[in-house]
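# A structural walkthrough
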Amino acid sequence: MMKRLFCLTLVAVMLLSVFAFSFSAAEVNDKAVTGADVIKFDNSVTKWTGPVQFYIYDPEGGTELIPWGSKRLNGTDEGNNIWSKDLSDYGLESGKQYCIIFCDASTGAQTYDLVFDASCFGDTAVTTNNLIENPVDSNKNAGEAVWKNSTLGPRLQVTSIGNVVGQTCLASETPYDLFVGFLENTLENARTYSGKDDQTLIDDTAGALGLSKNDVEAALSEAGAYTNWDYDKSNLPGEGSSGGSSGSGSGSSGSSGGSSGYYSDISGKWHTYTFASDQFTDDEKKIFSSVMKSNTNVLYLPSQVIAKQTDDSGTYYVFLTSVTELKTDVDAFFDSIRWEITTIFVDNQGNSKLLNSAAIDPADIKTTDKAPDGWTVSAKTPSADDLSYYSSDVEQALTNYKEIKLDYIAELATRIVDTGINYRFLCYGTKDGKTDLYVVELTDEFTKAEITKVSLFDLSSYAISPQPAEKGPDNSAKSPQTGNTDMVMMVVVLLFIAMFGACVSVKQISKKHD
C-alpha cells in the first residue's frame, strides 16, 4: 500500500507542476491591485450632499470598471468634508493609467476626467473654481479636479468643436494621436458649430496641441481628411516636438479615396513618388493599422488591398503601402520615400499578424511571364482625381490601351529625361474576364504619351503566399500562431515520461527493501 501511495503522490506532484507550467505560460504580467488602495476627495469646495461616487474607466478602450450610477461607486464619509474609497475591488492593473470622475449621487453633479495611477493611492483630489468644456457636448461644463500631490492632472482631450482641454496626455497616446482622432471623428461637427473656417480651426487645434504644420500635413493624410487648410498660409511652426508624426514639404492635404504623394524635379534616375489611388474599406484600414504603426521616424500609409487569398486558417491580405522616413532635409526626404508590398494574415478569430513588408526597388521592379496562382485580384476603378497629377495624354494612353483593360493603381517609379518623363505604373489589367496586376511602362513627351511595355507584376517576389495548413487532431487547420501550444504539449509528454520512469524506480527500490 505504501508503494502505491508514494507513486500516486509523485504522480500528483508532477501533474501539479504541469498545470503550474501551463498557467504560468498564459499569465499576464500586470496583476490586479489588492489591499487598501485608498484615494480621497475633498468636498469642501463643491459642498455636495453626497454620497460622493468614485467612477473609474479605462481610457484606452472606454471600458467602465463599475457601471455608472451603481451604489458600489459610493465612497465613505470620513467627516470634515473628506470622502474616501478603497479601490481594491475595481480590478485595477498595476502600471496602467485610468481616469476618474467624482460625482454627487444626489444631484448628478460631476467633475471633469482626472488621470490617475497607482502613484495616486493615498492622495486627495480637490476641485478648483475652473470649469472645463465637456469633450462630447460643448454646451456643458464640468468642474476641474486636481490631485493635491500627484503631478497627474485633468485628461488632455480635443472637444467636439476643436477646443483643447485638460493638461495630462495619457501615456498610451500622443497629442498627434489626439489630432488624428479629431480629424477622423469630429472634424465635421467642429466645422458646423465652431464658427471657424478650416484654416483657423485646424491651426488653432493643432497649435493648442503643440503640433507643427508638418504634423498637420501628415495627420491630414493619415486621417484621409479633405480640407481647405493650406500649408503655406498656416501660422504654425514648420517643425514640432509633440511626439507625433511629421512630414516635409508643402501643399494640400490628402483626401479619402483620392491621390496622395509628393513630387520633386530630381532627374537622371528612377525614383519613387507615392502618388496612388487610395481605396480601402474601414475593415481593411483597421487590419492595416493594427500591425503597421507610424511613429516619429517613419510614416506608413496604406493605398489599397491589391490581392487576397483565403485558406482554412484565415485570410492573407496584400496591401500596397507608402512608406516615408521622416527627414527635414528635402533631398534626403525624397530619397526616403518607397513603396512596399505588405502581407498581413488574419486568422479565423480575427487576430492580425504582419508576415512581411517588402520594398519595391523603382529601378528593378519584378515582373513575370505568368501570374502567381491562388491570389484573388479585383480591379478598382480610379476616380478622376487619381489621375489629376498627370497630363490628359497619360490618362488617354491608359484608357485607350486595346489589349488589356487597364485601371491605374499607383505610380511605382518615375524618371525625368530630356524628352519628358518615364513612368512605371502598377495597374489592374483585365483580359477575358480575368484580372491580374501589371507593370505599365509609359513615356510622356508632353505632346503625346505612349505605353512602351506591359508586363505581369511578379507578386510572388514580394508577398508571402499561404503554406499548406497543418491539420490538428480534429482535422481542422491550425493558424500560423500555434507554436506555443505545440511546445506546451511537448513538455507535457516529457513530464509524463519522467513520471513513468520515477514510478518504475520507486517500485524497484521498494522491492530491494522488501
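Residues numbered from 1 in each chain as written. Predicted model: local features only at pLDDT ≥ 70, side-chain atom pairs only at ≥ 80, totals over all residues. Heavy atoms only, no water.

### A look at the overall build of the chain
Looking only at helices and strands, one finds nine helices and 20 strands in the chain. Scored against the burial criterion, the 514 residues of the chain give a buried share of 45%. Long-range contacts, defined here as pairs at least 24 residues apart, represent 63% of the contacts in the chain between residues at least 6 apart. Carbon and sulfur atoms make up 49% of the accessible area of the chain, which totals about 25800 Å². (Helix = DSSP H or I, 4+ residues; strand = E, 2+ residues; numbered from the N terminus. Buried < 20%, exposed > 50% of the residue type's maximum accessible area, 1.4 Å probe, protein only. Contact = heavy atoms within 4.5 Å. Areas by Shrake-Rupley, 256 points an atom, 1.4 Å probe, with all protein chains shown as cover.)

### A word on the sheet that holds strand β15 (residues 352-360)
Here four strands make up an open sheet; going across it, the order is β12-β13-β14-β15 and the pairing antiparallel. Two strands bound the open sheet, and with one partner strand each, they are β12 (298-311) and β15. Across the sheet, the mean angle separating the axes of adjacent strands is 25° when strand polarity is ignored. Alignment of strand β14 (residues 337-347) against β15, held across eight bridges, turns out to be antiparallel. Bridge assignment links T342 to a residue of β15, and that residue is S357. (Pairing = 2+ DSSP bridges. Axes fitted to C-alpha atoms, helices over the stretch in contact; angles between N-to-C directions.)

### Some words on the pairing of strand β20 (residues 449-457)
For a regular strand, side-chain orientation follows a simple rule: the groups alternate between the two sheet faces. Note: strand β16 (residues 367-368) against β20, two bridges, orientation antiparallel. For T367, the partnering residue across the bridge sits in β20 and is F457. When strand β19 (residues 434-444) meets β20, the two strands line up antiparallel, connected through seven bridges. Its bridge partner lying in β20, V439 is registered against S455.

### Some thoughts on the side chain of D203
Following the sequence through the fold, D203 ends up in helix α4 (residues 198-208). Of the side chains with opposite charge, K213 comes closest to the buried, unpaired D203, at an N-O distance of 7.8 Å. A polar side-chain atom of D203 sits 3.1 Å from the main-chain amide nitrogen of N235. Those residues in contact with D203, other than ones at most four positions away along the chain, are W229, K233, S234, N235 and L236. (Lys, Arg positive; Asp, Glu negative; His and termini not counted. Salt bridge = Lys/Arg side-chain N within 4 Å of Asp/Glu carboxyl O. Polar contact = N/O pair within 3.5 Å; in protein donor to acceptor, adjacent residues only side chain to side chain.)

### Observations concerning the pattern of salt bridges
Tallying each qualifying case throughout the model produces 15 salt bridges. Close ionic contact of D204 with K196 constitutes a salt bridge, the shortest N to O distance being 3.0 Å. We note a salt bridge from R424 to E441, for which the minimum N-O separation is 3.7 Å. Residue R424 is found in strand β18 (residues 420-431), and its partner E441 is found in strand β19; the two are separated by 17 residues along the sequence. Owing to a relative accessible area of 22%, E441 belongs among the partly exposed residues under this scheme.

### Section: the environment of S119
When you line up the elements, S119 lands in the loop between β7 (114-116) and β8 (124-133). A relative accessible area of 54% means that S119 is categorised as exposed. Here the alpha-carbon distance between S119 and T151, two residues 32 residues apart in the chain, equals 9.7 Å. A distance of 2.4 Å separates the side chain of S119 from the side chain of D117, its partner in a polar contact.

### Some thoughts on the environment of R424
Classification of R424 as buried rests on a relative accessible area of 13%. In contact with R424, not counting residues within four places along its chain, are W270, P362, A363, D364, I365, A410, E411, L412, A413, V440 and E441.

### A short note on the packing of aromatic side chains
Aromatic rings in a pair are described by how distant their centres are and how their planes are angled relative to each other. Scanning the model with the defined rule gives 18 aromatic pairs in all. Between Y55 and Y57, the aromatic rings sit 6.4 Å apart at their centres with planes inclined by 35°, giving tilted as the arrangement. A single burial state applies to Y55 and to Y57, both of which are buried. Taking the centre distance of 4.7 Å and the plane angle of 75° together, the rings of Y55 and W68 count as edge-to-face. Here the residue Y55 occupies a position in strand β2 (residues 52-58), and W68 occupies one in the loop between β3 (63-64) and β4 (76-79), the gap between them amounting to 13 residues. (Phe/Tyr/Trp six-rings, centres within 6.5 Å; stacked < 30°, edge-to-face > 60°.)

### Looking at empty space enclosed by the protein
Gaps left between atoms show up when a probe the size of a water molecule is rolled over them. As enumerated under the stated definition, the model contains one cavity of 30 Å³ or more in all. Surrounding the largest cavity, eleven residues form its lining, E93, K96, Y98, D117 and A118 being those nearest its centre. Its residues placed into classes, the lining of the largest cavity shows six nonpolar, two polar and three charged. (1 Å grid on protein atoms, 1.4 Å probe; cavity = no way out; pocket = protein on both sides within 12 Å on 5 of 7 lines; lining within 4 Å. Points joined across faces, edges and corners; volume = space filled by probe spheres on them. Nonpolar A, V, L, I, M, F, W, Y, C, P; charged D, E, K, R; others polar.)

### Quick look at the nonpolar core
With 28 residues, the main nonpolar core has F54, I56, Y90, I100, F102, F116 and W147 as its most contacted residues. Secondary structure elements with two or more residues in this core: β1 (38-42), β2, β6 (98-104), β7 and β9 (141-147). Those residues within four positions of W147 in sequence are excluded, and the remaining contacts are I39, K40, I100, F102, L114, V115, F116, C120, D123, T124, A125 and L152. Membership of the second largest hydrophobic core comes to 27 residues, among which are A410, A413, V439 and L459. (Core = buried A, V, L, I, M, F, W, Y, C linked by side-chain atoms within 4.5 Å.)

### Describing the pairing of β4
Of the pairings in the sheet, the one linking β4 to strand β5 (residues 82-86) comprises three bridges and is antiparallel in character. By the bridge assignment, G79 is partnered in β5 with I82. If you look at the hairpin formed by β4 and β5, you'll find two residues sitting between the two strands, and N80 has a positive phi there, around 55°.

### Looking at the confidence of the model for the chain
A residue-level look at the chain finds 75% of positions with pLDDT of 70 or above and a mean pLDDT of 79. Confidence over residues 241-267 falls short of pLDDT 50; this stretch has 92 contacts with residues more than four positions distant or in other chains. With pLDDT under 50 throughout, residues 481-493 is counted as low confidence; its partners more than four residues away or in other chains account for eight contacts. (pLDDT = per-residue confidence, 0-100.)

### A look at the packing of helix α2 (residues 175-185) against helix α5 (residues 213-223)
Between two packed helices, what matters for the description is the angle formed by their axes and the separation of those axes. Where α2 meets α5, the axes come as close as 9 Å, and the angle between the chain directions of the two elements is 45°. For the element pair α2 / α5, the angle class is oblique. Note on packing geometry: the crossing formed by α2 with α5 is right-handed. Of α5, the residues touching α2 (which contributes Y176, F179, V180, L183 and E184) are D215, V216, A218, A219, L220, E222 and A223. Of the residues belonging to the contact of α2 with α5, the class tally is nine nonpolar, no polar and three charged. (Parallel < 35°, antiparallel > 145°, perpendicular 65-115°, else oblique. Left-handed = near helix turned anticlockwise from the far one by under 90°.)

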